[in-house]
Amino acid sequence: TGVQTCALPILGRPLLGYVCPSSAVRGRMITMPAFGLKLKRYLELIRFSHTIFALPFAVLASFWAWIVPVPGGDTVPDAASSAGSQIGLGWKHALGILSCMVFARSFAMAFNRLVDREWDGNNPRTSNRHLPAKLLGVGEVIGFTVICGLAFCASTLLFLPNRLPILLSIPVLLFLAGYSLGKRFTWLVHAWLGVALMLAPICAWIALRGEIVQRTPTDIFPALSLGVVVLDRKSTRLNFSHLVISY
């Protein structure tokens, strides 16, 4: 009859008069859902929706770092020339804080899943996680972890000419990764996790006021006090059994 029939993409049944898409279009029809599914699995791997829980600490520290006046006799490039003024806070700083938080946490969660994959596979409660269930490959997660680590380091460049963030980026990543390994030799890892959260306001403060901190080390005290509050709140909520259940 000359009328082309083709199976509908969703129903999977032939329909008279339905024109089959070209091979290029069919490739996009298959690739886009597959890409979306892969992205969804990566976000589930790192519990991306939980990232927002750590953001308030960094945001509060950033606001505090902005409103605290520059110490007497000190100046920074983004601040007014006179002491007692506020530091400059622009879109690059806000983007840098957000990016560093997201990529640092994504790196830590992905690394944790990576090194715990055998334990997760032997535990009936966690055997359905992405690596034991083969929803993501080990190579894929390694690549994702490396990309997040590099993206974290690259995000610290937004704070230049303040060089402290880029200089401290590798030590911060090593500390975050150390939590996953610490579970193998100490039951005090909940304290390690608390200190990791404590780093959020401290790192945000250093990112915005690093040049002041280098010349006036006592300028870090407000961030330390906020970090102690974070550590105290986290320590009171965490116990060993909760740690095992959540991580």
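Fair warning: this is a prediction, and the values are worked out from it, not measured in the lab. (Residues numbered from 1 in each chain as written. Predicted model: local features only at pLDDT ≥ 70, side-chain atom pairs only at ≥ 80, totals over all residues. Heavy atoms only, no water.)

Q: Could you clarify how one ought to interpret the nonpolar core in this entry?
A: The nonpolar side chains of soluble globular proteins are, as a tendency, buried together. In this structure, Val 141, Phe 152, Trp 205 and Ile 220 are the most contacted members of the largest nonpolar core, which totals 47 residues. Of all the elements in the fold, those that place two or more residues in this core are α1 (23-45), α2 (55-67), α3 (91-115), α5 (138-155), α6 (164-182), α7 (189-215) and α8 (221-237). The dominant element in this core, judged by the number of residues it contributes, is α7, at eleven residues. In this structure, Ile 220 is in contact with Ile 202, Trp 205, Ile 206 and Val 213, ignoring residues within four places of it in sequence. (Core = buried A, V, L, I, M, F, W, Y, C linked by side-chain atoms within 4.5 Å. Buried < 20%, exposed > 50% of the residue type's maximum accessible area, 1.4 Å probe, protein only. Helix = DSSP H or I, 4+ residues; strand = E, 2+ residues; numbered from the N terminus. Contact = heavy atoms within 4.5 Å.)

Q: Whenever I open this one, the pattern of salt bridges confuses me. Can you help?
A: Side chains that differ in sign of charge can pair as their charged atoms come close. Counted according to the given criterion, the structure contains six salt bridges. Between Arg 184 and Asp 116 there is a salt bridge, and its shortest N-O distance comes to 3.2 Å. Taken together, the residues span a long stretch of sequence, with Arg 184 in the loop between α6 and α7 and Asp 116 in the loop between α3 and α4 (117-122) at a distance of 68 residues. A residue is classified by how much of its surface remains accessible, and Arg 184, at 37% relative accessible area, is partly exposed. Among the residues examined, Asp 116 registers a relative accessible area of 3% and is labelled buried. (Salt bridge = Lys/Arg side-chain N within 4 Å of Asp/Glu carboxyl O.)

Q: Quick question: what am I supposed to make of α6 here?
A: For an α-helix, 3.6 residues make a turn, and residues three or four places apart therefore share a direction. Helix length check: α6, at 19 residues, gives a terminal C-alpha distance of 26 Å against a target of 27 Å (1.5 Å per residue), a fit within 8%. Of all the bends found along α6, the most pronounced is centred on Ile 170 and spans about 35 degrees, while Pro 171, a proline, follows it within four residues. Inspection of α6 places Leu 164, Pro 165, Ser 169, Val 172, Leu 173, Leu 176, Ala 177, Gly 178, Tyr 179, Ser 180 and Gly 182 among the buried residues, and these make up the whole buried set. (Expected span 1.5 Å × (residues − 1). Bend = angle between axes of the 7 residues up to and from the residue.)

Q: I tried to follow a nonpolar patch on the surface on my own but got confused; where do I start?
A: Side chains of Phe 35, Leu 39, Leu 43 and Phe 48 sit close together on the surface and give an oily, nonpolar patch of about 370 Å² of accessible area. Checked against the element boundaries, Leu 43 lands in helix α1. On the basis of relative accessibility, which here comes to 36%, the residue Leu 43 falls in the partly exposed class. (Patch = residues over 30% accessible without salt bridge, like charges linked within 9 Å, V, L, I, M, F, W, Y side chains within 5 Å. Areas by Shrake-Rupley, 256 points an atom, 1.4 Å probe, with all protein chains shown as cover.)

Q: It is not clear to me how the packing of α2 against α3 should be interpreted in this structure. Could you clarify?
A: For any two helices packed against each other, one specifies the inter-axial angle together with the distance between the axes. The geometry of α2 relative to α3 is characterised by a closest axis approach of 11 Å and an angle of 155 degrees between their N-to-C directions. Classified by the angle between their axes, α2 and α3 sit roughly antiparallel to one another. Between α2 and α3 the crossing geometry is right-handed. In this structure, α2 uses Leu 55, Ala 58 and Ser 62 to contact α3, whose residues at the interface are Ile 97, Leu 98 and Met 101. Split into classes, the residues belonging to the contact of α2 with α3 amount to five nonpolar, one polar and no charged. (Axes fitted to C-alpha atoms, helices over the stretch in contact; angles between N-to-C directions. Parallel < 35°, antiparallel > 145°, perpendicular 65-115°, else oblique. Left-handed = near helix turned anticlockwise from the far one by under 90°. Nonpolar A, V, L, I, M, F, W, Y, C, P; charged D, E, K, R; others polar.)

Q: Please explain the state of the cysteines as it appears in this structure.
A: Two cysteines form a disulfide when their sulfur atoms are joined by a covalent bond. Throughout the structure, instances matching the rule amount to zero disulfides. For Cys 100, which is in no disulfide, the shortest distance to another cysteine sulfur is to Cys 203 and amounts to 8.5 Å. With a relative accessible area of 11%, Cys 100 lands in the buried category. Summary of cysteine pairing: Cys 153 is not part of a disulfide, and the nearest cysteine sulfur, belonging to Cys 100, is at 8.9 Å. Among the residues examined, Cys 153 registers a relative accessible area of 15% and is labelled buried. (Disulfide = S-S within 2.5 Å.)

Q: Is there a simple way to explain the packing of α6 against α7 in this structure?
A: For the pair α6 and α7, the least separation of the axes is 10 Å and the interaxial angle reads 180 degrees. It follows that α6 is roughly antiparallel to α7 by the angle criterion. Mapping the contact onto sequence places Leu 164, Pro 165, Leu 168, Val 172, Phe 175, Leu 176, Gly 178, Tyr 179 and Gly 182 in α6 and Val 189, Trp 192, Leu 193, Val 195, Ala 196, Leu 199, Cys 203, Ile 206, Ala 207, Gly 210 and Gln 214 in α7. Split by residue class, the contact of α6 with α7 holds 16 nonpolar, four polar and no charged.

Q: Help me understand unusual backbone geometry, please; the structure alone is not making it clear to me.
A: Peptide bonds are, in most cases, trans, and in most cases residues other than glycine have a negative phi. Cis geometry marks the peptide bond from Leu 160 to Pro 161; its omega dihedral reads 15 degrees. As for its position among the elements, Pro 161 is in the loop between α5 and α6. The phi dihedral of Arg 47 falls on the positive side, at around 50 degrees, and the residue is not glycine. For Lys 134, which is not glycine, the phi torsion reads 65 degrees and is therefore positive. Within the secondary structure, Lys 134 is located in the loop between α4 and α5. On the basis of relative accessible area, Lys 134 is assigned to the exposed category, the value being 71%.

Shape is all these values report; function is a separate question.
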